[in-house]
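A structural walkthrough
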Amino acid sequence: KQPGILQIHPPGGYVSGATTTTMGNHRGVRTFGAAAAASSSLTSRELSISDAFDGGNIEHVATATNEDDGNQSVILRIKPDPFSELEKTRHSQYFFFCVTHPPPSPPPPSSTTEEEEEEEEEEEPPPPRKTIQYIIENAKDASYATAWPGTTVFASTDFKTWRRVLSTEYDADSGHLTWRNDDNEDANVSSGGSTYYAYFPPFSHRDHLNLIARCSAADGSRVRSLGQSLDGREIECVTVGYGERVAWVIHRQHPGESMAEFFAEGLLTRLLGLDDGGTIDGVTRKALEMYTFHIVPNMCPDGGVRGHLRTNACGSNLNREWASSEHYTAPTLERSPEVYHVLREMDRTGVDAFCDVHGDEELPVNFIAGAEGCPNWGKRLQALHGAFTASYSRANDDMQQRVSYEPEPPNQGKMNTASNQVAFRFDCLAVTLEMPFKDCITNPDPEYGWSPDRSRKLGASLLDPLVYVHPNLRKDGNFWESMPSEDDYIRPTAKY
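Small disclaimer: the values here were computed from a predicted structure and weren't measured.

**Quick look at the nonpolar core**
Buried together is how nonpolar side chains tend to be arranged in soluble globular proteins. The biggest cluster of nonpolar side chains holds 82 residues, and the ones touching the most others in it are Phe95, Phe97, Trp179, Phe293 and Leu433. The leading source of residues in this core is helix 4 (residues 259-272), at eight residues. Phe95 has contacts with Asn57, Ile58, Ile78, Ile136, Trp148, Val153, Leu177, Trp179, Tyr197, Ala198 and Tyr199, leaving out every residue within four places of it along the chain. By size, the runner-up hydrophobic cluster in this structure holds 25 residues, among which are Leu226, Leu318, Val342 and Met346.

**Let's talk about the packing of helix 3 (residues 205-217) against helix 4**
For the pair helix 3 and helix 4, the least separation of the axes is 11 Å and the interaxial angle reads 15 degrees. As summarised for this structure, helix 3 and helix 4 are arranged roughly parallel, according to the angle between their axes. As helix 3 packs across helix 4, the resulting crossing turns out to be left-handed. For the pair formed by helix 3 and helix 4, the contact residues are His208, Leu211, Arg214 and Cys215 on the first element and Glu261, Glu265, Leu268 and Leu272 on the second.

**Let's talk about the sheet that holds strand 16 (residues 291-296)**
Sheet strands line up and pair through hydrogen bonds in the backbone, either parallel or antiparallel. An order of 13-14-16-15-17-19-18 is seen for the seven strands of this open sheet, with the pairing classed as mixed. One side of each edge strand has no neighbouring strand; the edge strands of this open sheet are strand 13 (221-228) and strand 18 (367-369). Across the sheet, the mean angle separating the axes of adjacent strands is 25 degrees when strand polarity is ignored. Inspection of the sheet shows strand 17 (residues 353-360) paired to strand 19 (residues 429-436) by eight bridges, in the parallel sense. Counterpart to Asp360 in the pairing with strand 19 is Pro436.

Scoring rules and cut-offs
Residues numbered from 1 in each chain as written. Predicted model: local features only at pLDDT ≥ 70, side-chain atom pairs only at ≥ 80, totals over all residues. Heavy atoms only, no water. Core = buried A, V, L, I, M, F, W, Y, C linked by side-chain atoms within 4.5 Å. Buried < 20%, exposed > 50% of the residue type's maximum accessible area, 1.4 Å probe, protein only. Helix = DSSP H or I, 4+ residues; strand = E, 2+ residues; numbered from the N terminus. Contact = heavy atoms within 4.5 Å. Axes fitted to C-alpha atoms, helices over the stretch in contact; angles between N-to-C directions. Parallel < 35°, antiparallel > 145°, perpendicular 65-115°, else oblique. Left-handed = near helix turned anticlockwise from the far one by under 90°. Pairing = 2+ DSSP bridges.

Quick look at the structure:
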């Protein structure tokens, strides 16, 4: 309810006197009110909304223009994932779309002299700021609607620099997520051009293929496909290192959590010296001597291309496909070939350390969740988990130990999730690493928040705790009795 903003009412219509452009199915356009005689395609004076590109997700419901001041309200809906047979729901939360602004109107023909035009230009005040309000009207139906408070949408006008829109608000009563165009978008609003909005900056399939190509060209790496997704995309695995211990790191089981693939990019860049002509630092050299790394940058390429939040092409949540449950067989080639192929290769290589990288909608911190609910959780795995998280926090202060998911009760862990299944199957250190969609409250940055660049740096830092815990991964005896107190396991809580 701001001055000059057209208020959108519940079902029953829009404010009287407004021009409303309604988008039915992204192809046709119907206009009402003052625009009743318009054609069935966008005119050059209307803004256009599109998600018809890699990773796009939005439904454009309507655009309403206040005829008094030209301010606009754009009504949107998030498209849900396909129905999940196991979870009996359609997940939604992720969105990513483009706004193309109309070019400015040409000035009318002038009959004044050059001297008169110069005087008019000097006296003419600047045009009023045009405000566009974006409204996601089904935000309340998202999978994690409780996560909207504190969320700030990302915006970019060049597809390179992404800033957070600080006007983002969630109204629990209406269930609407709203924001306004900010100063960074003003130039495009007034002169034409495009603005992209996203829940988190995208890591496109083209970006993915470029990362794989860079890894393939780097000395010391072996890139292979473990199999194909339902849509026929490769599930690539990058293998690097020659150590005795085997470390698996997988990313982006949930495709909308694009920060996970930025994390992978940072990890692989450090391991292979991608930005330094193959030159690596001392810790990286140790890691390559200690481990053979198997790194899957994107577990769910189909979901990423389709703009899904949590599922693959057929609606399977891959992080519930690592073991069968009652009346549900998993993984299978029909529903979850991505997990099927990766788990089969893990059985072949064995696993000594495992990290499953995700993004979390609600908690505004980076954190690590353990395997406390597994039958084999005991002093050994607890000590390894404590040392790993403590070392990670020392290596990168964007990581912390005290806030995480509430640990599962003993022997009640969900064994169809990746970290629990791997921890039990291989009796090894296995963790889920989560990064925030929101700003990171341990090191807040309102303008950029948790970002792709910080995700890359956190990925690069993964090597430090892996080097630190290496001596104890398969060590016999009660090694935890001689570990320093700074490595003690801290039981986390979701309260912050």
